[in-house]
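Here is how the chains run, residue by residue.
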Amino acid sequence: MNAPILVTKLFIPPTRTEIVQRPGLIERLNNGLDRKLTLLSAPAGFGKTTLVSNWVENLRDNTEISDYPIRFAWLSLDEDDNDPVRFLTYFITALNQIKEIDSDLGQGALSMIQSPQPPPTNAVLISLINELAAIPDKIVIVLDDCHLIEAEPIHQALFYLLENLPPQLHVVISTRQDPPLSLGRLRARVQITELRAVDLRFSAKEAADFLNRVMGLNLSAEDIAELETRTEGWIAGLQLAAISMRGYEDHAGFIKSFTGGHRLVLDFLIEEVLGQQPENIQNFLLQTAVLDRMTGSLCDALTGQKDSQATLEMLDRANLFIVPLDSECRWYRYHHLFTDLLRQRLRQTQPDQLPILQRQASKWYRENGFIDEAIEFALRARDFRQASHLIEDVAETLWVPVEHTRLQRWLAGLPVDLIFSKPKLCVFHAWLLLSAGQQDVAERTLLVAEHVLGIRTDHTADTSSMAWELQDRSDRMKLIGRVAATRAFLAFFRGDVQRSIQYARQALETLPEQDLTWRSTAAIALGDAHSINGDETAAYQARLKALEASKAVGNTYMTLVANVRYAITLRQLGWLQQVSEICQQQMQLANESGMLKIAVVGWLLAVWGEVLAEFNELDNAIKNAEKGVELTEQEGDQGMFGWSNVCWVRVLYSCGDMIGAEKVIHEINSIARKQDLPPWVMNLLIAWQARLWLAQGKLEAASQWVEDRGLDVGGAIEILREPEYIVLARVLTAQGRLDEATTLLQQLLKGTETGGRISRAIEILILQALALQAQGETAQAIITLERAISLTEPSGFIRIFVDEGPPMASLLYEAFSRGIAPKYVQRLLAAFPDTEPKETASTKPQVEQSQLIEPLSAREIEVLQLLAKGLTNQVIATRLVLSPHTIKAHTRNIYSKLGVNNRTQALDRARILGILSQN
């Protein structure tokens, strides 16, 4: 958050010398310290803040309550704190007010939320929670007036915090209404202490102590009982009544007239209280009612006085519902209920003064460096021109995703015509509309910006245009570049890849080198468009630039996102080792930054898991991919979630868990019926479903799928549907339509080689080799296989071969016998399972891996064939005219080379490897 911190929000309100001591409630608060949450929930005026501040004061001085030190932090909330960034910044800053904590607590979290592209809120909380867990002292943080927080993201953040709260931290929430924090769950776990209106209201004894000792009245026991009954122990009502009674001699008569619902009572008391004050005090109260908090010079600006500080101190001494916010009594606020009533009175009696006072407040805040408050009061005063100037000044610093909420709210408060008159605001507004899914409105806003900036209909800048001039020409070119970057994403979301590429390139050519956030944004758009367009070589270059820009910005979250995109491109280019190294490095970065439980790390884990599966490290692949899906599912990013599930399906397939893989696909299909998932994700999963059917022997289902998808061997192949056409080639091969399969595969191969999609080209070459083998063209099949091997050996591909099953094992054995890459092929053959994969709910591989040391000799194969016929060693020796001892020696060699221990295992292994017929 770039605005200054208002430290008075962080001060623990000092308790007055004369208050009603409430030992029973203090004891209940003490007893709840070992639980997660203390909730004080009651209507206004029930003494929640006073009780908690008194409790804190008692705990500080009482060493008998706990064996360990107790530290305290306080945050007084207001309506402006509904912005998640502002809330988290104040929350962390409040914790840092604890002087006994040596380190700068939460600095990593603050860095995250104040960065250009910060992570999700949970990532910030994870970093903070991890730091809190390392502090030995007990920490109590009080969130006062929590009912003013209505933003759902903040409620979610508080819920996440409570769910993962370290035992050292205790949260106290004071509120007028229950927050949406799954209180039932906390009650069931005995993790909450609750104080409500029935607990907080004054008893007759407490009411007597308050009215006579604290307020200085001399009421009889009967009068006190009557007033306590009429107010039902409502402390604010008792206080208002006591203030009003100071001018009455007939206390009993006053009490008898003190009736009605709260609204009527308050209307009556505001008249009585205000009516008994001097005119200058009445004016002061009404004029300062527009403020959320007050200090002397601010009140001077609104009232025209020069002694407002003295007036504030007098009001404090008179108990006129004013609350000091610091120990020095420089800042104050009115009791919220009193504020509401004063504002109502101001609107009724001096409606014309309200906007004037708000404008004066805005001016004071602006001159004193509180720009956020200056904007808020300008908007309240409907001084839109002033607000727009202020917003324009700070919009640049707010242009990071987590700050978008505040900027969006401010822009929504401005008239559209005023936004349209300022091209900078137009660009920001268009991006926010696009992010919210309002593509058509975003388009219209961009058109306005382009018109004002002098961009022609072909979206090139008219440098001679005088439609809008800046003192610095570079500012205009910067905005033109940002318009182009925004249009790049707009075109991408609409499926217009070519225009997305065009606009992204234009943005990168126009944006200044120092405009790193927008340059990174444009580079990401360009990389995404190239990737979807099938040009991974171009995507590599664009994503590399995005990564460089992200690193230059110095934001961990942006760097993680850019690295995952970069790793995905390297995977498509066939650079497995580099992908694995990047994933390992980024996991270390995430760990050091306290960001291990966010969606982008889940995405990273899933990508890494898929590569580990390709390396045949199946146990680690399962752990990573499964954890990755779990993390991406929690935060709702559909792109990350969908891609992670594609990786998970592939891992399950390689593990032989066809049922598990199919279950994942069905679940994603159910989600896709309710919300939009990226089309490239759905196309990949659709293709995997058909491949699963083939692996399960469901050729009829796969054939029907081809018809339902409208796949045509002779038709043009769209890049997005390339995975489906590869599966079509598999179906054609399974149907025995081998000529059509090889023709289609050759067409697919040309497309993948042109776009640099090496991983996909490898799969196509392998399928070509298998189709040629099925046609009896073994020599050509071996040539094609050797070409695939030349691409896979440097990076160590394994499962892309093994997942094709026994036909590939047989073809590899033939290649091995011909001396083609013997060490690598030997490694591939050793990775084939001893038994064929079966449908199973387990996600773990069920076989041991063994090492095929060298190929069988011709004589050993002959012996193996006779063993397969069930002949004994003696019979085999007789047939081959060899001694039984020699047959035993051959058998031992066969077992050793196949990595088995007995005849049955040897025969099973030889069939899997294609050395023996499956029949």
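## Some thoughts on the sheet that holds strand E6 (residues 294-295)
Working definition: the strands of a sheet are paired by backbone hydrogen bonds and lie parallel or antiparallel to each other. On the basis of which strands lie adjacent, the open sheet formed by 3 strands has the order E6-E8-E7 and antiparallel pairing. Edge positions in the sheet fall to E6 and strand E7 (322-324), since each of these pairs with one other strand and no more. By the bridge criterion, 3 bridges tie E7 to strand E8 (residues 331-334) in an arrangement that is antiparallel. Bridge pairing in E8 places Pro324 opposite Tyr332.

## Re the packing of aromatic side chains
Applying the stated rule across the entire model yields 11 aromatic pairs. Measuring from ring centre to ring centre gives 6.1 Å for Phe87 and Phe91, while their planes differ by 25°; the resulting arrangement is stacked. Of this pair, Phe87 and Phe91 both sit in helix H3 (residues 84-95), separated by 4 residues, roughly a single helical turn. For the pair formed by Phe87 and Phe91, the shared burial category is buried. Ring centres of Phe801 and Tyr824 lie 6.4 Å apart, and the angle between their planes is 80°; on these two criteria the pair is classed as edge-to-face. In this pair, Phe801 sits in helix H41 (residues 799-802) while Tyr824 sits in helix H43 (residues 822-830), placing the two residues 23 residues apart along the sequence. Accessibility expressed as a relative area gives 0% for Phe801, which makes it buried. Ring pairing ties together the aromatic residues Trp331, Trp364, Tyr365, Phe370 and Phe377, which thus form one cluster. Directly above the ring of Tyr90 sits Lys9, whose terminal nitrogen or CZ lies 4.8 Å from the centroid. If you follow Arg380 out to its NZ or CZ, it ends over the ring of Phe377, 4.4 Å from the centre.

## Some points on the pattern of salt bridges
Inspection of the entire model under this criterion finds 47 salt bridges. Here Arg487 ties to Glu443 by a salt bridge, and the two come within 3.1 Å at their closest N and O atoms. On the criterion of sequence distance, the pair formed by Arg487 in helix H25 (residues 473-493) and Glu443 in helix H24 (residues 439-453) is long-range, its members being 44 residues apart. With a closest N to O distance of 3.9 Å, Asp908 and Arg911 form a salt bridge. With Asp908 and Arg911 both in helix H47 (residues 903-912), this residue pair falls 3 residues apart, about one helical turn. By relative accessible area, Arg911 is classed as partly exposed at 21%. Via salt bridges that share partners, Lys9, Asp78, Asp81, Arg86, Arg293, Asp372 and Glu373 belong to a single interconnected network.

## Thoughts on the sheet that holds strand E2 (residues 70-76)
Pairing is parallel in the open sheet, where 5 strands are placed in the order E2-E3-E4-E1-E5. Only two strands of the sheet have a single partner each, and these edge strands are E2 and strand E5 (192-196). Here the strands of the sheet are splayed against their neighbours by 15° on average, with no regard to which way each runs. Looking at chain direction, strand E3 (residues 138-144) and strand E4 (residues 169-175) are connected through 5 bridges and run parallel. When the bridges of E4 are listed, Ile139 appears paired with Leu169. Against the sheet, H3 makes contact with E2 and E3, and its axis sits at roughly 150° relative to E2, the strand it touches most.

Criteria and cut-off values
- Residues numbered from 1 in each chain as written.
- Predicted model: local features only at pLDDT ≥ 70, side-chain atom pairs only at ≥ 80, totals over all residues.
- Heavy atoms only, no water.
- Pairing = 2+ DSSP bridges.
- Helix = DSSP H or I, 4+ residues; strand = E, 2+ residues; numbered from the N terminus.
- Phe/Tyr/Trp six-rings, centres within 6.5 Å; stacked < 30°, edge-to-face > 60°.
- Buried < 20%, exposed > 50% of the residue type's maximum accessible area, 1.4 Å probe, protein only.
- Lys NZ or Arg CZ within 6 Å of the ring centre and 35° of its normal.
- Salt bridge = Lys/Arg side-chain N within 4 Å of Asp/Glu carboxyl O.
- Axes fitted to C-alpha atoms, helices over the stretch in contact; angles between N-to-C directions.
- Contact = heavy atoms within 4.5 Å.

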